[in-house]
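Secondary and tertiary structure notes
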Amino acid sequence: MYIKALAVAALMTTTACAPFWGNKDGTSRAWFAPSRSDLVQVDVHPGAEAYAANCAYCHGDTGQGDGPLGADLPVAPPDLTGLALANGGVFPAERVLETIHGYPGKFHRGSMPEFGQELKGPVVEWRAPSGEIIMTPVGLMDVVAYVDSLQADEGS
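Residues numbered from 1 in each chain as written. Predicted model: local features only at pLDDT ≥ 70, side-chain atom pairs only at ≥ 80, totals over all residues. Heavy atoms only, no water.

Glancing now at the overall build of the protein. What the protein contains, in helices and strands, is six helices and two strands. Evaluated residue by residue, the protein yields a buried proportion of 26% over its 156 residues. A fraction of 37% describes how many contacts in the protein between residues 6 or more apart in sequence connect residues 24 or more apart. Just so you have it, the protein exposes about 11,100 Å², and 60% of that area is on carbon and sulfur atoms. (Helix = DSSP H or I, 4+ residues; strand = E, 2+ residues; numbered from the N terminus. Buried < 20%, exposed > 50% of the residue type's maximum accessible area, 1.4 Å probe, protein only. Contact = heavy atoms within 4.5 Å. Areas by Shrake-Rupley, 256 points an atom, 1.4 Å probe, with all protein chains shown as cover.)

If you want it as structure tokens, here you go:
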């Protein structure tokens, strides 16, 4: 009787520990163990993907106005990295929000398209420098924050 109980206990222990045994390539088979690709943490700015999809073609990957389509435009795209420097060291978030959003349905100056529809979605409160609270799509705020992160240092 003890032999049968020990055999059952050994079988249960072996089965319970099986997820921890390594595969031939050294990875764990545990359902809760991260794969090797999951161990690499990459911090991606929330607005980086939307910027790459909507802005980089003209403004370039780094925001310097050197995108692949920029040379074909009637007005060269501006270097976005100098917006704060050109504004006394303060990033002009409200102007950037207005320019990207484009006041949908109204005439938009220059060759900059309106991106209000592409960046619509859930909204958050944004406080303008005037103190006014403006309900603004999260996608739009993410792109503006990403452009802010591209700003050159004063010494650059």
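After presenting the structure, the write-up continues.
Before going further, it helps to spend a moment on the side chain of T136. Within the secondary structure layout, T136 lies in strand β2 (residues 133-137). In terms of polar contacts, T136 uses its side chain to reach the backbone carbonyl oxygen of I134, at 3.1 Å. With sequence-adjacent residues up to four places away left out, T136 is seen in contact with L97, P122, V123, V124, W126 and M141. (Polar contact = N/O pair within 3.5 Å; in protein donor to acceptor, adjacent residues only side chain to side chain.)

Formed by 24 residues in total, the largest nonpolar core has its most connected members in Y51, F91, I100, L119, V143, V144 and V147. Secondary structure elements with two or more residues in this core: α2 (48-54), α4 (83-86), α5 (93-101) and α6 (138-149). The contact partners of V143, leaving out residues within four places of it in the chain, are G47, A50, Y51, C55, I100 and L119. (Core = buried A, V, L, I, M, F, W, Y, C linked by side-chain atoms within 4.5 Å.)

What we call a disulfide is simply a covalent bond connecting the sulfur atoms of a pair of cysteines. Applying the stated criterion across every chain yields a total of zero disulfides. Cysteine C55 remains unbridged, with the sulfur of C58 as its closest cysteine sulfur at 8.7 Å. Given the relative accessible area of 10%, C55 is considered buried. (Disulfide = S-S within 2.5 Å.)

Here the focus is α5. Those residues of α5 not exposed but buried are A93, V96, L97 and I100. All buried residues of α5 project into a common sector of 100° when viewed along the axis, lining one side. Where α5 is buried, its residues touch α4, β1 (123-127), β2 and α6. (Arc of directions from axis to C-beta.)

The values reported here are purely geometric and, on their own, carry no functional implication.
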